[in-house]
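Okay, here's what each chain looks like letter by letter:
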Amino acid sequence: MGKSESFFGDPDPIFADKELLRVSHLPEGDRIIGRDQELKKLANAIKDAQRGGTPNNVLIYGKTGTGKSLCSKYITRDLTQAAAENGVKVGVSYVDCFQESTETQTVRTIAQTLNDPTQTDVTVPHTGVSTSDYYRRLWEILDTRLDVGIVILDEIDKLEDDNVLMQLSRAVEAGKVTDSTLGVIGISNKIRYKDSLNERVKSSLSERDFVFPPYDANQLREILKSRADAFREGVLNEDVIPKVAALAAKEHGDARKAIDILRYAGEIAQANGAEQVREKFVDHAREQAETDRFRELIRGSTPHSRYVLQALTILSLDNPNKEGFRTTTIYDLYEEICRQNGSESLSLRRVRDLLKEHAFLDVTEQTRRSGGSAEGSFTEHQLLEDPEVVQSVLTGDIEPE
DNA sequence: CCTCCACAGGAATTTGCGGGGT
DNA sequence: ACCCCGCAAATTCCTGTGGAGG
């Protein structure tokens, strides 16, 4: 990979090691930037585990791309190493609750990742056992091969029910595990997530709360600089990084997006046959990054789901200063769009569900309102993405068949 | 406290599709 | 080739909800 020699022609004139600009790339410890305070606090919250004690349960809030998962993964890896030096066995399980959204899936994943069949007699089949059986096996795995288990629940707000949280957060005091102990790190990008929890879970799960603020322009600049090795020497024009950082900071403070923009800027330079990545590519790169991210978000949604979205988009474009649109307004326009496309419209009830799915994927946001005296109550929907971007994705890629 | 409106969303049910098993 | 099962999409029916004004 590092070698630039290729069967397909000249070595890459722009990128030296593009992997550095992949979001999945996990930097080494000294490359986490602008999160010193957060790392310190996190370490403090779970430090008891180092000597085999019970770590505090932690809830982390913050918008996307503020380093929540990154810091959690890093700090637990560090903890595992430090604990090993004390002869304490720590196991870390990372679960993406967006993928594993039900109780059973979550427990199964935790058990699977913490298990090591060479050390335990326990197997964790993919299917065929009951939820309580998964729990039983998980407790057994913990007791036989670990001193401390740490479970990172990413996108915890996407969990369908909080039974898992109840079980995990109370496992120790309920005597489910005896020779080991357990801690939970919950990650959410909804600040209000805690409000939706029931009291018992709330108090035991959020012994410590942290909020990760968005990165400011300086921090973003540092982060981008640390990845500048991805480019060949002298290729990256010196005003590119400040420009990307400024753009990203102004809009969202999302490091992931900032890195994406930088990568796209490089790709655009490549496509144009330029020998340098210049500032003028950045604006275009930002558009591209946003469009691509959004395309990914609605990939696989059905035609009708798109029509609904299109209706909302048209409304947003036509009324730039309006905040939200009611379901029925959207539905009327949606019916119109169906007619134009020559397909039967779905029922209002179904469209409600489709809109809810968009809200779930953070494409839109729903707000319940009340009109007041004898005016009824209703829900308003608002696009979270720039309508122009949505529009271009919706009209641009009509996938055949 | 009750009413009234414009919805929201739960429950039950139907329809259509794909993957095994025989 | 056939049926059965499970699943997801979609429909129909219906009860629930919020809050200003009576």
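As shown above, the structure is provided for reference.
Every value quoted in this text rests on a predicted model; they were computed, and no experiment measured them. One numbering rule holds for all chains: residues counted from 1, following each sequence as written. The lettering of chains begins at A and the numbering of ligands begins at 1, in the order of writing. Per-residue local features of the predicted model are confined to residues with pLDDT of at least 70, and side-chain atom pairs are confined, for both listing and counting, to 80 or more; whole-chain, interface and lining totals are unaffected and use all residues. The basis for every side-chain value is the complete set of non-hydrogen atoms in the structure, without hydrogens or water.

1. Focus on the protein's contact with DNA strand B
Using the following cut-off: Near, as used in this document, describes a residue that has one of its heavy atoms within 4 Å of the molecule or strand being considered. Whenever a nitrogen or oxygen atom comes within 3.5 Å of another N or O atom, the pair is scored as a polar contact, on the condition that within protein one atom can donate a hydrogen and the other can accept it, and that pairs from neighbouring residues in sequence are kept only if both atoms are in side chains. Residue classes follow a fixed rule: Ala, Val, Leu, Ile, Met, Phe, Trp, Tyr, Cys and Pro count as nonpolar, while Asp, Glu, Lys and Arg count as charged, and any other residue, Gly among them, counts as polar.
Around DNA strand B, the structure places Arg326, Thr327, Thr328, Arg349, Arg352, Arg368, Ala374, Glu375, Gly376, Ser377 and Thr379. Near the protein, meaning within 4 Å, the atoms of DNA strand B are sugar or phosphate in a fraction of 64%, with bases accounting for the rest. Glu375 places a polar main-chain atom, nitrogen or oxygen, 3.4 Å from a sugar or linking oxygen of DNA strand B. Residues belonging to the surface near DNA strand B are distributed by class as follows: one nonpolar, five polar and five charged.

2. Focus on the packing of aromatic side chains
Here is the rule we go by: Aromatic rings from Phe, Tyr and Trp, with only the six-membered ring used for Trp, were paired whenever their centres fell within 6.5 Å, and each pair was classed as stacked if the ring planes differed by under 30 degrees, edge-to-face if by over 60, and tilted otherwise. Here a strand is any run of E in DSSP of at least two residues, a helix any run of H or I of at least four, and the numbering for each starts at the N terminus. The buried label goes to any residue with under 20% of its type's maximum accessible area, the exposed label to any with over 50%, and the partly exposed label to all in between, with areas taken from a 1.4 Å probe on protein chains only.
All told, the structure shown has three aromatic pairs when counted by the stated rule. With a centroid separation of 6.0 Å and 20 degrees between ring planes, the pair formed by Phe98 and Phe360 is classed as stacked. In this pair, Phe98 sits in the loop between strand 2 (90-96) and helix 3 (103-114) while Phe360 sits in helix 13 (residues 348-360), placing the two residues 262 residues apart along the sequence. Residue classification places Phe98 among the partly exposed positions, given a relative accessible area of 33%. Measuring from centroid to centroid gives 5.7 Å for Tyr331 and Tyr334, while their planes differ by 35 degrees, and the two rings are tilted.

3. Remarks on the protein's contact with DNA strand C
Neighbouring DNA strand C are the residues Ser345, Leu346, Ser347, Arg349, Arg350, Arg368, Ser370, Gly372, Ser373, Ala374, Gly376 and Ser377. Backbone atoms, meaning sugar and phosphate, form 77% of the atoms of DNA strand C found within 4 Å of the protein. At a separation of 3.0 Å, a phosphate oxygen of DNA strand C approaches a polar side-chain atom of Arg350. Take Ser373: an N or O atom from its main chain is 2.9 Å from a sugar or linking oxygen of DNA strand C. Looking at the surface near DNA strand C, the elements with two or more residues in it are helix 13 and strand 7 (364-370). Residues belonging to the surface near DNA strand C are distributed by class as follows: two nonpolar, seven polar and three charged.

4. Digging into the pairing of strand 8 (residues 377-383)
Rules: Any two strands with at least two DSSP-identified bridges between them are counted as paired.
Where strand 6 (residues 325-326) meets strand 8, two bridges bridge the pair, whose relative direction is antiparallel. Among the inter-strand pairings, Phe325 is bridged to a residue of strand 8, identified as His381. Note: strand 7 against strand 8, seven bridges, orientation antiparallel. The residue of strand 8 that forms the bridge with Thr367 is Glu380.

5. Details of the sheet that holds strand 5 (residues 208-212)
Note the cut-off: Fitting a line to C-alpha atoms yields each axis, with helices limited to the stretch in contact; the angle taken between N-to-C directions then spans 0 to 180 degrees.
One open sheet accounts for five strands, arranged 2-3-4-1-5; its pairing is parallel. One side of each edge strand has no neighbouring strand; the edge strands of this open sheet are strand 2 and strand 5. Across the sheet, the axes of successive neighbouring strands diverge by a mean angle of 15 degrees, strand direction being ignored.

6. What about the environment of Glu85?
Residue position: Glu85 is located in helix 2 (residues 68-85). Measuring from C-alpha to C-alpha, the distance between Glu85 and Ser373 comes to 67 Å, with 288 residues separating the pair along the chain.

7. A short note on the nonpolar core
Across soluble globular proteins, nonpolar side chains have a tendency to be buried as a group. Note the cut-off: Nine residue types can take part in a nonpolar core, namely buried Ala, Val, Leu, Ile, Met, Phe, Trp, Tyr and Cys, and a core is a set of them joined through side-chain atoms within 4.5 Å. Here, residues are in contact when the closest pair of their heavy atoms is within 4.5 Å.
Of all hydrophobic cores here, the largest spans 34 residues; its most connected members are Leu224, Phe231, Val244, Leu262 and Val277. Of all the elements in the fold, those that place two or more residues in this core are helix 7 (217-226), helix 8 (240-251), helix 9 (255-271) and helix 10 (282-298). Setting aside its immediate chain neighbours within four residues, Val244 contacts Leu224, Ala258, Ile261, Leu262 and Val282. Grouped together as the second largest cluster of nonpolar side chains are 33 residues, Val95, Val164, Met166 and Leu182 included.

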